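# Secondary and tertiary structure notes
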Amino acid sequence: MARVSASVYSSHTPAIGAALDLGKSTQDYWKPVFAGFDPSKAWLQQHTPDAIVLVYNDHATSFSLEMVPTFAIGTAERFEVADEGWGPRPVPPVFGHPELAAHIAQSVIQDDFDLTVVNRLDVDHGLTVPLSLMCGQPQAWPCPIIPFAVNVVLYPPPSGKRCYSLGKAIRKAIDSFDKNLNVQVWGTGGMSHQLQGPRAGLINTEWDNAFLDRLIADPEGLSAMPHIEYVREAGSEGIELVMWLIARGAMSDKAPKVVHRFYHVPASNTAVGHLILENQ
Amino acid sequence: MALDKPYTDVPGTIIFDTDMARQGYHLNQFCMSLMKAANRERFKANERAYLDEWPMTEEQKQAVLDRNYKRMLELGGNIYFVSKLGATSGHSFQHMAATMTGLSQDEYLQMMIKGGRSPEGNRYVGEEKKRG
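Here's what I pulled together on the structure shown here. Keep in mind it's a predicted model, so treat the numbers as computed, not measured. Numbering of residues starts from 1 in each chain and follows the order in which that chain's sequence is written. Going through the entries in the order they are written, you letter the chains from A and number the ligands from 1. In keeping with the model being predicted, local features are shown solely for residues with a pLDDT of at least 70 and side-chain atom pairs are shown and tallied solely at 80 or more, while totals for entire chains, interfaces and linings include all residues. Derived side-chain values reflect all non-hydrogen atoms in the structure, with water molecules and hydrogen atoms excluded from consideration.

## Regarding the packing of aromatic side chains
Between the rings of Phe, Tyr and Trp (Trp by its six-membered ring), a pair exists once the centres lie within 6.5 Å; its type follows the angle of the planes, with under 30 degrees stacked, over 60 edge-to-face, and the other angles tilted. Considering all chains together, one arrives at 14 aromatic pairs over all chains under this definition. Ring geometry for B:Phe30 and B:Trp54: centres 6.3 Å apart, planes at 70°, overall edge-to-face. Taken as a pair, B:Phe30 in helix H2 (residues 25-33) and B:Trp54 in the loop between helix H4 (47-51) and helix H5 (58-66) lie far apart in primary sequence, 24 residues in all. An aromatic cluster is present here, built from A:Tyr9, A:Trp207, A:Phe211, A:Tyr230 and A:Trp244 joined pairwise through their rings. In this text, helices come from DSSP runs of H or I with a minimum length of four residues, and strands from runs of E with a minimum of two, each type numbered from the N-terminal end.

## What about the sheet that holds strand S8 (residues 182-188) of chain A?
Residue and element names in this part refer to chain A. The sheet built from eight strands is open, its strands ordered S6-S3-S7-S2-S8-S1-S10-S9 with mixed pairing. Only two strands of the sheet have a single neighbouring strand rather than two, namely strand S6 (116-118) and strand S9 (257-267). Between one strand and the next, the sheet's axes are offset by a mean angle of 20°, whatever the strand orientation. Two strands make a pair as long as DSSP finds a minimum of two bridges between them. Bridge analysis of strand S1 (residues 3-10) against S8 gives seven bridges, and the strand direction is parallel. Residue pairing across strands places Ser 7 opposite Val 185, the latter belonging to S8. Fitted lines through C-alpha atoms give the axes, limited to the stretch in contact for helices. The angle between two N-to-C directions lies from 0 to 180 degrees.

## Some points on the environment of A:Ile146
Residue and element names in this part refer to chain A. With respect to the helices, strands and loops of the structure, Ile 146 is situated in strand S7 (residues 145-150). In the structure, Ile 146 is positioned 72 residues away from Gly 74 in sequence and 6.0 Å away in space, judged by C-alpha atoms. Contacts between residues were defined by any pair of non-hydrogen atoms, one from each residue, lying within 4.5 Å. Aside from chain neighbours lying at most four places away, what touches Ile 146 is Ile 52, Val 53, Leu 54, Ile 73, Gly 74, His 97, Leu 100, Ala 101 and Ile 104.

Below, the structure is given as structure tokens:
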């Protein structure tokens, strides 16, 4: 049987990807961001899973306003790295796990989550930046990756509660997969940031750290937080953090082991948050 | 009965909800078209002519020509769509964000390095006044 062994949480700021791609990662501005992920790279090498379900959001890349799915799962064999207007990032293509993805889609939809199934999907910085932070600059990503896209661009995104419950449904789906696979679920985006309007640049360190505390110890309570609190306290784009609740919901109901925790301000406009939790 | 929009009293913030998305549909789809290199070239060669291919309002077109990102968002643009115009123009997210705040690029950069804009006094419209 397959099982979820761990979850990883990370911001996915595009400027982090650009810093790495342009060879700026050792500059004083960027050094602390990448240093915060050094233990994570070592951990992932020792705990490479058989597949990663990577929860992220598309940033008007593959989904324009022609079509805005709330939840979409990538079931293809391969996903290309998108050209977001600057040319594609120089990173490897993403190979999927069609068999597990199809199984998750079937199970989760039967559990009342109406997923959109996507077979043609170019992946943007939302998916590739966390991989770069966790893997560095490899020739190929270490395992198959199932992209799981959540709408957090067009308001309203799904509620925290809905995301947390979806995570549980994903866990149930993975538990019922017949092959013996070690699976990680990653949640990305956040933490506090606002990219627009006169309030741009908002950062709320105290709130972000309380969010991390509650994500570890009280995810159920945290999932009841209304959207407006994310917007008011963590900025209009801080609402991406609802995606972390999907990964957290996929974890066991027992308290997790906190392998690594990191927080840094700033990366461009954004507070960088990062956690690794293992099931025990 | 009107829908509850509890986010209208957040200062300096426009939430890209379905009403804004309806107003900004063509503006955003125009931005999206700039993800193709051939379209970027055509746009750069004659911005006005390219814009006239889209059923956008004159105000929206003018905001694009002026690279007035704040105005684009007020007229239904969304930052992730507008960022395609930013990329075409050599403007990063940080550059675009800074222009919307009234700070210079360097002032904005320094604000972020010092920990960003504090939420204190920035949660509710009129909060500063209320606190006297």
